[in-house]
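One letter stands for each residue in the lines below.
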Amino acid sequence: MSTVHLLDHPLIQHKLTYIRNKNTGSKDFRELVEEVAMLMTYEVTRDFPLKEVEIETPIQKTMTKVISGKKVGVVPILRAGLGMVNGVLKLIPAAKVGHVGLYRDPETLLPVEYYCKLPADIHERELIIIDPMLATGGSAVAAIEFLKQRGASNIKLMCLIAAPEGIKAVQESHSDVDIYVAAIDEKLNDHAYIVPGLGDAGDRLFGTK
Ligand code: PRP
Ligand code: URA
C-alpha cells in the first residue's frame, strides 16, 4: 500500500485557511496556491538521493553534496493543476512539464481526457502529478493510468486537499504511488465536492464563475 504524507507544517495550514476562505479573490488565491505548492515540494523531494562532489570554496577544496538520481517531470492535471506548476518550478527549475487534460463529466462525474502532451523521456523521470483537489479520485487514477501506459513507473501525487474517498481510490488502483496532501477533509457532498474543501479550484484560480 502506498504512503499518504500529510504535510501540515504551520505555514501550509495558515495559507490553506486563506485559500479555503470564500472571500479570498482570484489574485490572492492564485498566489497562495503557488506558495503552498512550493512549500509542499520541499517535502515531496525529501527522499531524493544525493551524491558527493568536489568543489572549491574561497578557502579550500571540499567534498559536498548535489542531488543525483532521476530527473524530474511535473505533470499538472488541467486545468486546476496549472495553478501549482510555478510553485514546483521555483524549487526544481530544471523539471520538464507535461500536461494531462481531464474534466469531470458533470453528469457521470467520471474523468474525460481532452489533452495529453508529455516529455518524450517520462520513463526515465521521477514524475510529480499535481492537482489541488483529490475528490472521488477519478481524475488522479486516470492521469496515473495515462502516464503508466506511456512508460512512466516512478510517480508521486501531490494535492492540496483530499477527501478520504479519493485517497482510497488512488491507493486501491495504484499502490505504488505515494500521495502528498496538505489536508484530508471530512467527506464528499452529493455533487462530489470536498467538504469543507475550497469550492471549485479551477473556477477560483481562473475566475470563471
Ligand atoms: C477538478 C480538480 C480535479 C478533479 C478532482 O477538476 O482539479 O482534477 O476535479 O475530482 P475527482 O477526484 O472527483 O476526479 P475539474 O474536473 O473541475 O476540471 P478543471 O480543473 O478544468 O476545473
Ligand atoms: N473539484 C474541485 O474543484 N473541487 C472539489 O471540491 C472537488 C472537485
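You'll find the structure just up there.
Overview of the structure. Everything numeric here is computed off the predicted structure, so don't read it as measured data.

As for unusual backbone geometry
Working step 1: Here Leu78 and Arg79 are connected by a cis peptide whose omega angle stands at -5°.
Working step 2: Within the secondary structure layout, Arg79 lies in the loop between strand 4 (71-78) and helix 3 (82-91).
Working step 3: Between Val195 and the following residue, Pro196, the backbone shows a cis peptide bond with an omega angle of 0°.
Working step 4: In this fold, Pro196 is placed in the loop between strand 13 (194-195) and helix 6 (201-206).
Working step 5: The phi angle at Leu109 is positive, at roughly 65°, despite the residue not being glycine.

Regarding the pattern of salt bridges
Working step 1: Considering all chains together, one arrives at twelve salt bridges under this definition.
Working step 2: Residue Lys15 pairs with Glu35 through a salt bridge whose shortest N-O separation is 2.6 Å. Note that Lys15 is positioned in helix 1 (residues 10-20) and Glu35 in helix 2 (residues 26-44), a separation of 20 residues in sequence.
Working step 3: Owing to a relative accessible area of 19%, Lys15 belongs among the buried residues under this scheme.
Working step 4: In the salt-bridge network here, residues are joined through shared partners; they are Asp47, Glu126 and Lys156.

Overview of the packing of helix 4 (residues 138-149) against helix 5 (residues 164-173)
A pair of packed helices can be characterised by two numbers: the angle between their axes and the separation between those axes.
Working step 1: Closest axis-to-axis distance for the helix 4/helix 5 pair is 8 Å, and the angle between their directions is 25°. Compared by their axis directions, helix 4 and helix 5 come out roughly parallel. Where helix 4 crosses over helix 5, the two elements pack in a sense that is right-handed. Along its contact with helix 4, which presents Ala140, Val141 and Ile144, the element helix 5 presents Ala169, Val170 and Ser173.
Working step 2: Residue composition of the contact of helix 4 with helix 5, by class: five nonpolar, one polar and no charged.

A word on the state of the cysteines
Among covalent bonds in proteins, the disulfide is the one between the sulfur atoms of two cysteines.
Working step 1: Applying the stated criterion to the full structure yields zero disulfides.
Working step 2: In this structure Cys116 is a free cysteine whose sulfur lies 17 Å from that of Cys159, the closest cysteine sulfur available.
Working step 3: Relative accessible area serves as the criterion here: at 1%, Cys159 is assigned to the buried category.

Description of the site of ligand 1
Working step 1: The local shell around ligand 1 holds 15 residues, among which Arg104, Asp131, Thr136, Gly137 and Ser139 are the closest.
Working step 2: In the model, an oxygen atom of ligand 1 is placed 3.0 Å from a nitrogen or oxygen of the Arg79 side chain.
Working step 3: Within the contact set of ligand 1, an oxygen atom lies 2.9 Å away from a backbone nitrogen or oxygen of Ala135.
Working step 4: Taken by itself ligand 1 offers 490 Å² of open surface, and the protein chains cover 90% of this.

Description of the site of ligand 2
Working step 1: Around ligand 2, the neighbouring residues are Arg104, Met133, Ala135, Ala192, Tyr193, Ile194, Gly199, Asp200 and Ala201.
Working step 2: The backbone of Ala201 places a nitrogen or oxygen atom 2.8 Å from an oxygen atom of ligand 2.
Working step 3: When ligand 2 sits alone it has 240 Å² of accessible area, and the protein chains cover 88% of it.
Working step 4: Along the lines of polarity and charge, the residues of the shell around ligand 2 split into six nonpolar, one polar and two charged.

So, the packing of aromatic side chains
Working step 1: A complete count under the given rule lists one aromatic pair for this structure.
Working step 2: Considering the side-chain rings of Tyr103 and Tyr114, the 6.0 Å spacing of their centres and the 40° angle between planes classify their relative orientation as tilted. Separated by eleven residues along the polypeptide, Tyr103 in strand 6 (residues 99-104) and Tyr114 in strand 7 (residues 111-117) bring together distant segments of the chain.
Working step 3: Using a relative accessible area of 43% as the deciding quantity, one classes Tyr114 as partly exposed.

Parameters and conventions
Residues numbered from 1 in each chain as written. Chains lettered and ligands numbered in written order. Predicted model: local features only at pLDDT ≥ 70, side-chain atom pairs only at ≥ 80, totals over all residues. Heavy atoms only, no water. Helix = DSSP H or I, 4+ residues; strand = E, 2+ residues; numbered from the N terminus. Salt bridge = Lys/Arg side-chain N within 4 Å of Asp/Glu carboxyl O. Buried < 20%, exposed > 50% of the residue type's maximum accessible area, 1.4 Å probe, protein only. Axes fitted to C-alpha atoms, helices over the stretch in contact; angles between N-to-C directions. Parallel < 35°, antiparallel > 145°, perpendicular 65-115°, else oblique. Left-handed = near helix turned anticlockwise from the far one by under 90°. Contact = heavy atoms within 4.5 Å. Nonpolar A, V, L, I, M, F, W, Y, C, P; charged D, E, K, R; others polar. Disulfide = S-S within 2.5 Å. Near = heavy atom within 4 Å. Polar contact = N/O pair within 3.5 Å; in protein donor to acceptor, adjacent residues only side chain to side chain. Areas by Shrake-Rupley, 256 points an atom, 1.4 Å probe, with all protein chains shown as cover. Phe/Tyr/Trp six-rings, centres within 6.5 Å; stacked < 30°, edge-to-face > 60°.

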